[in-house]
Amino acid sequence: MKRNLIFILLFICSVLVNAQPADSLPGNLYMNVAERLLYTDGNLKIGGYGGVHYNQPFDSEMKLNGNMDVHRFIMLLGYSFSNNTQFISEIEFEHVKEVYIEQAFLQHKINNSINFRAGLMLTPMGITNEYHEPNLFRGVERPLIDKHISPTTWREIGAGFMGYILPVSLKYQAYLMNGFKSYDGGAILNGSGLRSGRQKGAESIFSSPSFSGKVEYFGIRGLNVGASVYTGNTQSTLYNGVEKENNTALATADSSVVGVAMLGLDARYSVKGLQLKGQYYYTGISNTGQYNEFTAGATGVPNDLGSSLTGYYLEAAYNVFRPLANVQSELTPFVRYEKWNTQNSVEQGSPNPAYDKKAIIGGLEWEMARGALLKADIQFVKSAAQSEYVKTFNAGVGIMF
């Protein structure tokens, strides 16, 4: 057994050392703006993306106001200090008035297939968290499971390695990162999932690291298959200043923390204008019974964080302009079915059917020129506690450069 393990490790090291240079990446590999900037010539690098949205809920029995919003506008700035050392930043303006840093990391090339990264980085989970530009997902709004299960845009401070092993058509990422925050004077997480626990690199508290990794296979033309994992404990302010020998205080702090273990599987396939996509997530959360009781507060009513979350979607799209000669733009109708449950299971009581939801989204996108498009769709969303779908019409402008 030990000899087999040593042989496998030697084989992997051989592949890494002899891998092709990163500048020979295959053209069918998916890339977001940050990745494109890393492989752009020159010292100073600029990119961006954004979207302006119109959301109009409608009901047969009442009049409802719509919402118009410059949802987000993002500038990416990068700089190459040398051929091997680069910096990438992503600055986001949301709803005109809110400013966030979504990425700010330093990357150093060790050899042709090993790159060290450190800073504020996107968690490599699923598809949309890394590929969240409006030209890289269908519909005006991002897929709903990427809001409620894997909380896009999910980023934390950390360090690790990424690279491409081209002889076997693999991309890998492996990082130690800061985790979700679960307690800061009160409960942060609840039955809606993990989204409110993102620290986003903003004065984040840290008590223990989390691991996040992903492997993607792109060896078949038009096909990309990925598997992602995330595991770690949440962070709590109650650990700050606790004496290491004070078992009572440590036990209290432990009650404010949960363990998170997430698995993501995804696949994308494109052939002759047909585009198919699917994602699946499963998240197990430990210690939720103790956490929900501890964070009950003055009301005495336990919190409702679920002990497991799950979700998936299936999507199909087709570029109807593809068979036409000399037409450079793309006109793509699509349909997507989503199902997610942020209380798939609970440690105490019964799951709340209001958290068990499904959605049907159908729409049309016109990419007038590479990176500039118009979008429109209709969303039908319903929970297991509802008898009718909630309907919303969405339209928007999307750019990516």
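Not measured: the values here are computed from a predicted model.

## Brief notes about the overall build of the protein
A tally of regular secondary structure across the protein gives five helices and 18 strands. The C-alpha radius of gyration of the protein comes to 22 Å, within 12% of the 21 Å expected for a compact globule of 401 residues. Taken along its principal axes, the extent of the C-alpha atoms in the protein is 70 × 70 × 45 Å. Long-range pairs, those at least 24 residues apart, make up 63% of the contacts in the protein with a sequence separation of at least 6. About 19400 Å² of surface is accessible on the protein, with carbon and sulfur atoms providing 60% of the total. The protein carries 33 positive and 34 negative side-chain charges, and their two centres are separated by 7 Å.

## A word on the pattern of salt bridges
One pass over the full model with this rule turns up eleven salt bridges. Between R72 and E92 there is a salt bridge whose closest N-O contact spans 3.3 Å. One end of the pair, R72, is in strand 2 (residues 67–80); the other, E92, is in strand 3 (residues 85–94), with 20 residues separating them in the sequence. In this pair, the class of R72 matches that of E92, namely buried. A salt bridge links E216 to R268; its shortest N-O distance comes to 3.3 Å. Taken as a pair, E216 in strand 9 (residues 210–217) and R268 in strand 12 (residues 259–271) lie far apart in primary sequence, 52 residues in all. R268 shares its class with E216; the two are buried. A single network of salt bridges, built from pairs that share partners, joins E35, K171, E216 and R268.

## Some words on the packing of aromatic side chains
Enumeration according to the criterion identifies ten aromatic pairs in this entry. Relative to Y230, the ring of F180 lies with its centre 5.9 Å away and its plane at 70°, an arrangement referred to as edge-to-face. Linking F180 in the loop between strand 7 (170–177) and strand 8 (181–183) with Y230 in strand 10 (residues 223–233), this pair joins segments that are 50 residues apart in sequence. For the pair formed by F180 and Y230, the shared burial category is buried. Measuring from ring centre to ring centre gives 6.3 Å for Y312 and Y337, while their planes differ by 50°; the resulting arrangement is tilted. With Y312 in strand 14 (residues 308–318) and Y337 in strand 15 (residues 330–345), the pair connects residues that are 25 residues apart, well separated along the chain. Taking relative accessible area as the criterion, Y312 reaches 32% and is therefore assigned partly exposed. Ring pairing ties together the aromatic residues W154, F180 and Y230, which thus form one cluster. Across the ring face of Y131, the terminal group of R268 is positioned such that the distance to the ring centre comes to 4.9 Å.

## Points about the nonpolar core
Of all hydrophobic cores here, the largest spans 27 residues; its most connected members are L189, L194, Y230, V258 and W340. Every element with two or more residues in this core is listed here: strand 12, strand 13 (274–286), strand 14, strand 15 and strand 16 (356–369). Per element, the largest residue contribution to this core is three residues, and it comes from strand 14. Among residues more than four places away in sequence, those in contact with L194 are F180, L189, V260, M262, T283 and I285.

## Focus on the pairing of strand 17 (residues 372–383)
With twelve bridges joining them, strand 16 and strand 17 adopt antiparallel strand pairing. Counterpart to I361 in the pairing with strand 17 is Q379. What sits between the antiparallel neighbours strand 16 and strand 17 is a turn of two residues, in which G371 has the positive phi angle 95°. Strand direction decides the pairing type here: strand 17 and strand 18 (residues 390–400), joined by ten bridges, are antiparallel. By the bridge assignment for strand 18, Q379 is matched with T392. Between strand 17 and strand 18, which pair antiparallel in sequence order, lie six residues.

## Observations concerning a nonpolar patch on the surface
A grouping of V52, V70, F73, F93, V96, V99, W366, M368, L374 and V397 is seen on the molecular surface, where their side chains present a nonpolar patch of about 830 Å² in accessible area. Elements represented by at least two residues in the nonpolar patch include exactly strand 2 and strand 16. Given the relative accessible area of 35%, F73 is considered partly exposed.

## Digging into the side chain of Q235
By secondary structure assignment, the location of Q235 is in strand 11 (residues 235–236). Judged by its relative accessible area of 0%, Q235 falls in the buried class. A polar contact of 3.1 Å, which involves the side chain of Q235, links it to the backbone oxygen of S208. A polar contact of 2.9 Å, which involves the side chain of Q235, links it to the backbone oxygen of N233. Ignoring anything within four residues of it in the chain, the contact list for Q235 reads N178, G179, F180, K181, S182, Y183, Q199, I205, F206, S207 and S208.

Definitions and limits used
- Residues numbered from 1 in each chain as written.
- Predicted model: local features only at pLDDT ≥ 70, side-chain atom pairs only at ≥ 80, totals over all residues.
- Heavy atoms only, no water.
- Helix = DSSP H or I, 4+ residues; strand = E, 2+ residues; numbered from the N terminus.
- Rg over C-alpha atoms; globule rule 2.2 N^0.38 Å.
- Contact = heavy atoms within 4.5 Å.
- Areas by Shrake-Rupley, 256 points an atom, 1.4 Å probe, with all protein chains shown as cover.
- Lys, Arg positive; Asp, Glu negative; His and termini not counted.
- Charge placed at Lys NZ, Arg CZ, Asp CG, Glu CD.
- Salt bridge = Lys/Arg side-chain N within 4 Å of Asp/Glu carboxyl O.
- Buried < 20%, exposed > 50% of the residue type's maximum accessible area, 1.4 Å probe, protein only.
- Phe/Tyr/Trp six-rings, centres within 6.5 Å; stacked < 30°, edge-to-face > 60°.
- Lys NZ or Arg CZ within 6 Å of the ring centre and 35° of its normal.
- Core = buried A, V, L, I, M, F, W, Y, C linked by side-chain atoms within 4.5 Å.
- Pairing = 2+ DSSP bridges.
- Patch = residues over 30% accessible without salt bridge, like charges linked within 9 Å, V, L, I, M, F, W, Y side chains within 5 Å.
- Polar contact = N/O pair within 3.5 Å; in protein donor to acceptor, adjacent residues only side chain to side chain.

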